[in-house]
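Residue-level structural notes
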Amino acid sequence: MTSLEILDLHGNEIGGTIPEMIGNNRLDFLALQNNKLTGTIPQNISLLNDLQHLDLSRNDLSGTIPTEIGKLKFLRYLFLGSNDYQEQQQTIPTEIWSLTSLQELSLKSSKLIGTISSDIINLKDLVLLDLDGNQLQGTIPNEIGSTTTTTTPALVNLAHVLLNRNELTGTIPSSFSNLKSLELLLLDHNKLTGTANPICDFHKLRYFVSDCEPSSSSTTAAEISCSCCDLCCNDFNQTCNIYDWNVNLDPIWEYGYERKIFTFTQDVIQQGGGDGDDGGGGNGDGGGDKKNNNPDRRN
């Protein structure tokens, strides 16, 4: 089967390991998410020179994210999160920041430590950045919203940013005010302080969560001052915005396996780019209702 181009086995009960021979194919679409796969990600996956879509998320994979991923120069969709990576934590492989064709990057719940590199500015086509549920530290890079000209941000298409449930510090970068495509922003359960004023001027932002709720057991003010947040959390309320926010991982085959509609595991955000259905809807748990604190479970 060396001429195989599309392998989509997601959402089954498949166990065992990913075979080493996977690198002997001509795959450009590999979707194995939401199974029971174990073992490590084979290093020779880097031999899939034409690969554009790689989704191994929501399995029981162990080990680490291999640096060889950085050799897949045509990748547009990369989902490796929600696995059982080893307790010896790792940083985000620097090679990922060289994948300049990436449109969607999800490494959620991957036991990642370290910082978010300023090299993220290289991912100029990025639409989705999902790093929630790790132990990332340091500040949010100002480069995410920095401009390449006087008016155009480098990440001009960035629409969905999930950085919640980390250990990020500092303030919300003022450069975020340049991200005119931004629709979903989750910053809650970090150690960010200051004001969300750079965000509150967005005319397209549809759902925004931060630590803007004062603690009921303390006289300390909220960590973030926010006049436009749809949901306010604080570090003492661990059930606030606890849901997975899994993006729909089923691009529609009729459109060449490109995602035409964004759906998450709730109906808060939908971003359409074409006609037709969303290709199967969201997966996993839902998030909070817009403008209140009550969860809305789709499934």
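What comes next is a walk through the structure. Bear in mind that the values here come from a model prediction, so they are computed numbers and not experimental data.

As a further point, take the pattern of salt bridges. Counted according to the given criterion, the structure contains five salt bridges. A salt bridge links Lys36 to Glu13; the shortest N-O distance between them is 2.8 Å. Here Lys36, found in the loop between strand E2 (29–31) and strand E3 (53–55), pairs with Glu13, found in the loop between strand E1 (6–8) and E2; they are 23 residues apart in sequence, far enough to count as distant. On the basis of relative accessibility, which here comes to 45%, the residue Lys36 falls in the partly exposed class.

The next point concerns the sheet that holds E2. In a beta sheet, neighbouring strands are held together by backbone hydrogen bonds and run either parallel or antiparallel to one another. Ordered in space as E1-E2-E3-E4-E6-E8-E9-E10-E12-E14, the 10 strands form an open sheet in which the pairing is parallel. On the outer flanks of this sheet lie E1 and strand E14 (231–232), each paired with one strand and no other.

Across all of its chains, the model carries four disulfides by this definition. Covalently, Cys200 is tied to Cys228 through a disulfide, its sulfur atoms 2.2 Å apart. The chirality of the disulfide connecting Cys200 with Cys228 is left-handed, given an S-S dihedral of about -80°. Of the two residues, Cys200 is situated in helix H1 (residues 197–200) and Cys228 in the loop between strand E13 (224–225) and E14; the sequence distance between them amounts to 28 residues. Judged by its relative accessible area of 23%, Cys228 is partly exposed. The disulfide bridge from Cys233 ends at Cys240, spanning 2.0 Å between sulfur atoms. Negative torsions about the S-S bond denote left-handed disulfides, and the value of about -70° found for Cys233 with Cys240 makes this one left-handed.

This paragraph deals with the nonpolar core. Ranked by size, the top nonpolar core spans 58 residues in total, and within it Leu54, Leu78, Leu105 and Phe208 carry the most contacts. Residues Phe79, Leu184, Leu231 and Trp245 belong to the second largest nonpolar core, which totals 14 residues.

The subject of this paragraph is the packing of aromatic side chains. Taken as a whole and assessed by the stated rule, the structure comprises one aromatic pair. Measuring from ring centre to ring centre gives 5.5 Å for Tyr207 and Trp245, while their planes differ by 40°; the resulting arrangement is tilted. Of this pair, Tyr207 sits in strand E12 (residues 207–210) while Trp245 sits in the loop between E14 and strand E15 (261–263), and the two are 38 residues apart along the sequence. Since its relative accessible area comes to 0%, Tyr207 is described here as buried. Given a relative accessible area of 1%, Trp245 falls into the buried group.

Scoring rules and cut-offs
- Residues numbered from 1 in each chain as written.
- Predicted model: local features only at pLDDT ≥ 70, side-chain atom pairs only at ≥ 80, totals over all residues.
- Heavy atoms only, no water.
- Salt bridge = Lys/Arg side-chain N within 4 Å of Asp/Glu carboxyl O.
- Helix = DSSP H or I, 4+ residues; strand = E, 2+ residues; numbered from the N terminus.
- Buried < 20%, exposed > 50% of the residue type's maximum accessible area, 1.4 Å probe, protein only.
- Pairing = 2+ DSSP bridges.
- Disulfide = S-S within 2.5 Å.
- Core = buried A, V, L, I, M, F, W, Y, C linked by side-chain atoms within 4.5 Å.
- Phe/Tyr/Trp six-rings, centres within 6.5 Å; stacked < 30°, edge-to-face > 60°.

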